[in-house]
Each structure stands twice: as C-alpha cells, then as structure tokens.
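# Geometric and topological summary
Each chain, letter by letter, is given below.
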Amino acid sequence: MKIASIASGSNGNCYYLENDDDAILVDAGISARQIVERMTRLGLSLSKLRGVFISHEHSDHVRGVDVFCRKHSVPVFMTEKTYVSYGRVVSNTLLNFFSPGQQVKIGNICVTPFLKSHDAVEPCSFSVSSGNRNVAVMTDIGFECENVKAHFKNADAVFLESNYDDHMLKTGFYPAYLKKRIASDKGHLSNTRAAQLAMQHASGRLKHIFLSHLSANNNTPQLALGAFKHFIEQRSDLKLEVMLTSREKESSLVCLD
Ligand SMILES: [Zn+2]
Ligand SMILES: [Zn+2]
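Cut-off values and rules
- The residue numbering used here restarts from 1 in each chain and proceeds along that chain's sequence as written.
- Here chains are named by letter from A upward and ligands by number from 1 upward, in the order in which they appear as written.
- Only residues with pLDDT of 70 or above have their local features reported here, since the model is predicted, and side-chain atom pairs are shown and tallied only from 80 upward, although totals for entire chains, interfaces and linings are computed over all residues.
- Note on definitions: a nonpolar core is a set of buried residues drawn from Ala, Val, Leu, Ile, Met, Phe, Trp, Tyr and Cys, linked by C-beta atoms within 7 Å.
- Labels follow a simple rule on C-beta atoms placed from the backbone: if 20 or more others lie within 10 Å of a residue's own, it is buried; if 12 or fewer, it is exposed; otherwise it is partly exposed.
- Two residues qualify as being in contact provided that their C-beta atoms, derived from the backbone, are within 7 Å of each other.
- Pairs of strands are assigned from DSSP output, requiring at least two bridges between the strands.
- Runs of H or I in DSSP of at least four residues are treated as helices and runs of E of at least two as strands, each being numbered from the N terminus.
- Angles run from 0 to 180 degrees between N-to-C directions of axes, and those axes are lines fitted to C-alpha atoms, restricted for helices to the stretch in contact.
- Our angle categories are set so that under 35 degrees counts as roughly parallel, over 145 as roughly antiparallel, 65 to 115 as roughly perpendicular, and the remainder as oblique.
- Crossing handedness is defined as follows: a turn of the near helix away from the far one that is anticlockwise and smaller than a right angle gives a left-handed crossing, while the clockwise case is right-handed.

Moving on, we get to the nonpolar core. Tyr16, Val52 and Val158 are the most contacted members of the largest nonpolar core, which totals 66 residues. Apart from the residues lying within four places of it in its own chain, the contact partners of Val52 are Leu25, Ala28, Val65, Cys69, Val74, Val76 and Phe77.

Okay, structure coming up:
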C-alpha cells in the first residue's frame, strides 16, 4: 500500500490510500481543484480512484466532495445519517451508503468504518486494509474510545489527530464555550492525549504515524512533534517514523511494503 495526506488540519482534510490496482480518498475537505493539483504533484492518477469515504459532515471534511465527485465521476461513500446532515445532493449514480462496523470492499481494498466520539450525527473513522497491511485514519476523535484503541493496535500506519496544545487552547483567544467543546469527549484529541494513546497502544507492526488535523490557532507543528518525542523515547522497541502533515500542501507518498 501507498498512502499520503493530501490536506490535513482544522480547515481541510483529505487522505489518499492505494494498492497496485485501486485507490480511495478519505474525506474531501479542500476544493476539487486543490485535490487534483496535489494528487498530480504526487504523480497520482484519478483513474485509479474508486471512491471518496466521508467521515462526517463538518465542512473541513466535505467542502470539495460534490464538485470533485461530479466532475470526475468518483463514487461517494457515507452513512445515511451523515448524508442527511450533509444537506447537499449527490446523484444516485455516485451515492453509496455504509453502516458503521460493516466492511466495504473495493477491489482488494477493504474499508472498515467504525464509530468515534465527535459532535457530528454519525462520525466514523476508518481502517483500510490491503493484503496484510492496515492503515487507520482517525481524526476528530473526542477521546480514545475502545474502537480507536483496537484499530490503532492493528495498524501499520496511522493518520492520528494531534489537534491542540493544552496550554495554547487554555490561554488562546477562543471563547470559553468553544474551548470547552474542543476539549470535550465529543471534540478533538490533544497532542498529549494522542502521544499517550500511541505510547500505550502501538504494536510492533506500527511503522508510520502522520500527526494530523493540527489546529491552526491552538497548536504548532513543533509542539505536536515535541509531545511525541517523549513517546518515541519510551518506545525505543519500535521502528517508527512520526511525520507532520500540513493544511497547505500534500505529504510525500509513503510506501508500506
Ligand atoms: Zn469534525
Ligand atoms: Zn475536522
């Protein structure tokens, strides 16, 4: 499998996963034009793309979906409740529903959506498998629920939310209600919580962590990486690469074989 972040952050998310024959995107929270530009820079072709899987209806995950999928005839996958809440119309020929916990097969790619804790109608994370490789895409998680832990343990690579630095959130300019929402069990995962999750649940097979969905206002790349430094020192048994993602540009394409 090969994987990349096309965009990641609190203002736009899109993740790319492929095997030799097929590819999918998780979320399309940037414009259709930007998705194509960034995929092209990575040498990726739209012709391999079999679907876009939507995690939940927040705009940083769905902003580009309708234009991208209509223009390039790419099927869309989401839960029925998410579709109702999304509120725009996707043509019947492109729209597919999945249920949390129910696997979706696309060629030799197997996508398992699973429920997560977040303030959306039916928010899902995904475990994406091909051959003996598993990749988990987990952003917008209020806390490390049992689903998150189980899929984290089973992963060779993870796009893991590392949303905010506790001190920056506490002392920043956001209104109190918003600070409370972000830090709640239905909000986002902090750098510290993300690093703790990794330290406690990484198995020997984990090779790559992409620090994802960093807040533009309550985090910095240095602080997110800093939180993971301690984790890496504690788990010197792992041969692990921790990478940053960006809202401005795509990551490199990482090969899991
Ligand atoms: Zn969200
Ligand atoms: Zn989000």
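Bringing the sheet that holds strand β8 (residues 109-115) into the picture now. Read across the open sheet, the seven strands follow the order β7-β8-β9-β10-β11-β12-β13; overall the sheet is mixed. For this open sheet the edge positions go to β7 (104-106) and β13 (241-244), each flanked by a neighbour on one side alone. Within this sheet the neighbouring strands show an average axis-to-axis angle of 20 degrees, counted without direction. Two strands pair when backbone bridges link them, and strand β12 (residues 208-212) and β13 are joined in this way by four bridges, in the parallel orientation. Residue pairing in the sheet places His208 in a bridge with Glu241 of β13.

A few words on unusual backbone geometry. The residue Asp27 is not glycine, and still its phi comes out positive at about 70 degrees. Positive phi is not limited to glycine here, since His213 has a value of about 55 degrees. Among the secondary structure elements, His213 is positioned in the loop between β12 and α9 (221-234).

The subject of this paragraph is the packing of helix α8 (residues 191-201) against α9. Here α8 crosses α9 at 25 degrees, and the two axes come no closer than 9 Å. By the angle class used here, α8 and α9 are roughly parallel. The two elements α8 and α9 cross, and the hand of that crossing is right-handed. On α9, the residues that touch Asn191, Thr192, Ala195, Ala198 and Met199 of α8 are Leu223, Ala224, Ala227, Phe228, His230, Phe231 and Gln234.

Once that is clear, we can look at the pairing of strand β2 (residues 14-18). With five of five residues buried, β2 is to be regarded as a mostly interior element. Where burial is concerned, the two faces of β2 agree: the one with Cys14, Tyr16 and Glu18 and the one with Tyr15 and Leu17 are both buried. Alignment of strand β1 (residues 2-7) against β2, held across five bridges, turns out to be antiparallel. What sits directly across from Ile3, in β2, is Leu17.

Taken by themselves, the reported measurements are silent on function.
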